[in-house]
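Each chain, letter by letter, is given below.
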Amino acid sequence: MELWPLQVSLESPRDSDPPMSTSHRSSSVNGTREPDGVTFFILQGLSSLGDRQMILFVILLLGYIITQGGNSMIIFLVQNKATDPKLHSPMYFFLANLSFVDMVYTTTTIPKMLVGFLSDVSTISVPGCFLQMFFFIQLGITSRGILTAMAYDRYLAICHPLHYTSIMTQHIQLLLIAGAWAFGTFCTLPANLITWHQPYCGPNVVKHGWGDPSSVRRLACADTSVDNTVSLSLALVALLTTGVLILTSYVLIGISVSRMSVAQRLKAFGTCVSHLTVVSISYTAASFVYISYRVGNLSPEVRIIVAVLYAALTPFLNPVIYSLRNKELQESIRRTLVRFRSATVSVTKDISTVS
């Protein structure tokens, strides 16, 4: 989940640095108040880095392509009926949904940042900014909800193996996924709507790479204390609810595993290690983002880079971690590549014969 809703500023909403000047549009909103209201925002991003932006452009582009490709591969393998039947279990159903969320999650921000690297001034409409803000935070919370459902799935599989199939039915799986999406919407929509209804009369420079809630809220022409309170409260609900449920699941798993033999312990741990790794990386990265916003001597560019790494790191690592740690997934990938190579050779031979 994105931690930026936790950034409750003690400054006045008008206390901000002088905005970046631009000749992109002939409008007074760039540096002064606009009576008719702001119609677009300028995303400052990492423009101060100059030519060094191209290095970040290449890194982000490659990371985005790998993220989309890796997560697409997992979805294909799980949904393809011709793959290993073991991949049609609840655990892989949740993994495929997590991969889908990760793909959309990175798409809400990274492409816009890549375009910004190639243009002198990156702008976004006010509705577009708030849509980006909503989906970025909502998908971040939804992914935490799915990770919570995966922890519950591991708890049932290890602590109640005899009742696992009767409890974790397809109906329950769909309910858990729907609950994760609904929970993400519940924790995002109220604060987003309140911020949306604030007046924005200029300046209109968002000192971030995308529609960061904290950065956008600083541009409001009115008091944002209610926005901050609602945002903080819902962020705590999202973090504590998912964190406590995941922790509780693994505490119960640990108690159950402690009563097993050594061989059973290793087997049980093997089914949890990938999920535990992803959860640990996700919460650790989120903590670094939160700390970066609390350290006063960090430049905005450093904060943006830390935020980008957080937004891209977990979706990038998820398919890598699950592929490296999961023999069933590795075997399915290998068989799929073999079939694809055989089909390619067959088509090549047919074309040669016709010629």
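Structure report, in brief.

Check the secondary structure of the protein chain and you find 11 helices and three strands. Written out in order from the N terminus, the α and β elements of the protein chain read β-α-α-α-β-α-α-α-β-α-α-α-α-α. In the protein chain, which comprises 355 residues, the share counted as buried stands at 49%. In the protein chain, the share of contacts with a sequence separation of at least 24, taken over all contacts with a separation of at least 6, comes to 81%. Entry remark: accessible area of the protein chain is about 17,400 Å², with carbon and sulfur atoms responsible for 68%.

Each strand in a sheet pairs with another by means of backbone hydrogen bonds, the pair being arranged parallel or else antiparallel. Taken in spatial order, the three strands of this open sheet run E2-E1-E3, and their pairing is mixed. Of all strands in the sheet, those bounded by a partner on one side alone are strand E2 (122-125) and strand E3 (205-206).

This part takes up the pairing of strand E1 (residues 40-43). Burial of the side chains of E1 extends over both faces: Phe40 and Ile42 are buried on one face and Phe41 and Leu43 on the other. Where E1 lies against E2, four bridges are found, and the strand directions are antiparallel. Bridge pairing links Leu43 to Ser122 in E2.

Compared with an ideal rise of 1.5 Å per residue, which puts 18 residues at 26 Å, helix H2 (residues 90-107) spans 26 Å between its outermost C-alpha atoms and is within 8% of the ideal. Among the 18 residues in H2, 14 count as buried, and that is most of the element.

The next point concerns the packing of aromatic side chains. Scanning the entire structure with this criterion turns up eight aromatic pairs. Ring centres of Phe41 and Tyr200 lie 5.8 Å apart, and the angle between their planes is 90 degrees; this geometry places the pair in the edge-to-face category. Within this pair, whereas Phe41 is found in strand E1, its partner Tyr200 is found in the loop between helix H6 (170-196) and E3, the two being separated by 159 residues in sequence. Each of the two residues, Phe41 as well as Tyr200, counts as buried. Ring centres 5.3 Å apart and planes at 85 degrees place the aromatic pair Phe130 and Trp196 in the edge-to-face group. Of this pair, Phe130 sits in helix H4 (residues 126-159) while Trp196 sits in helix H6; the two residues are 66 residues apart in sequence, bridging distant segments of the chain. Through successive ring pairs, a cluster of aromatic residues spans Phe41, Phe130, Trp196 and Tyr200. One cation-aromatic arrangement involves Arg144 over Tyr283; the distance from NZ or CZ to the ring centre is 4.2 Å.

Here is what the cut-offs are and how they apply
Along each chain, numbering runs from 1 in the same order as the chain's sequence is written. Since the coordinates come from a predicted model, pLDDT governs what is reported: local features require at least 70, and pairs of side-chain atoms require 80 or more to be given and counted, while whole-chain, interface and lining totals use all residues. Note: side-chain values were computed over all heavy atoms of the structure, leaving out hydrogens and water. Only runs of H or I of at least four residues qualify as helices and only runs of E of at least two qualify as strands under DSSP, and these elements are numbered from the N terminus. Each residue is placed in one exposure class: buried if its accessible area under a 1.4 Å probe, protein chains only, is under 20% of its type's maximum, exposed if it is over 50%, and partly exposed if it falls in between. In this analysis, two residues are considered to be in contact whenever any of their non-hydrogen atoms come within 4.5 Å of each other. For accessible areas, the Shrake-Rupley method is used with a probe of radius 1.4 Å. Any residue's cover is judged against the shown protein chains and nothing else. Strand pairing is defined by DSSP finding a minimum of two bridges between the two strands. Here the expected span of a helix is defined as 1.5 Å times the quantity of residues minus one. Ring pairs are drawn from Phe, Tyr and Trp, using the six-membered ring of Trp, whenever the two centres fall within 6.5 Å, and their geometry is named by plane angle: stacked under 30 degrees, edge-to-face over 60, tilted for the rest. Throughout this description, the term charge over a ring refers to an Arg CZ or Lys NZ atom that lies within 6 Å of the ring centre and within 35 degrees of the ring normal.

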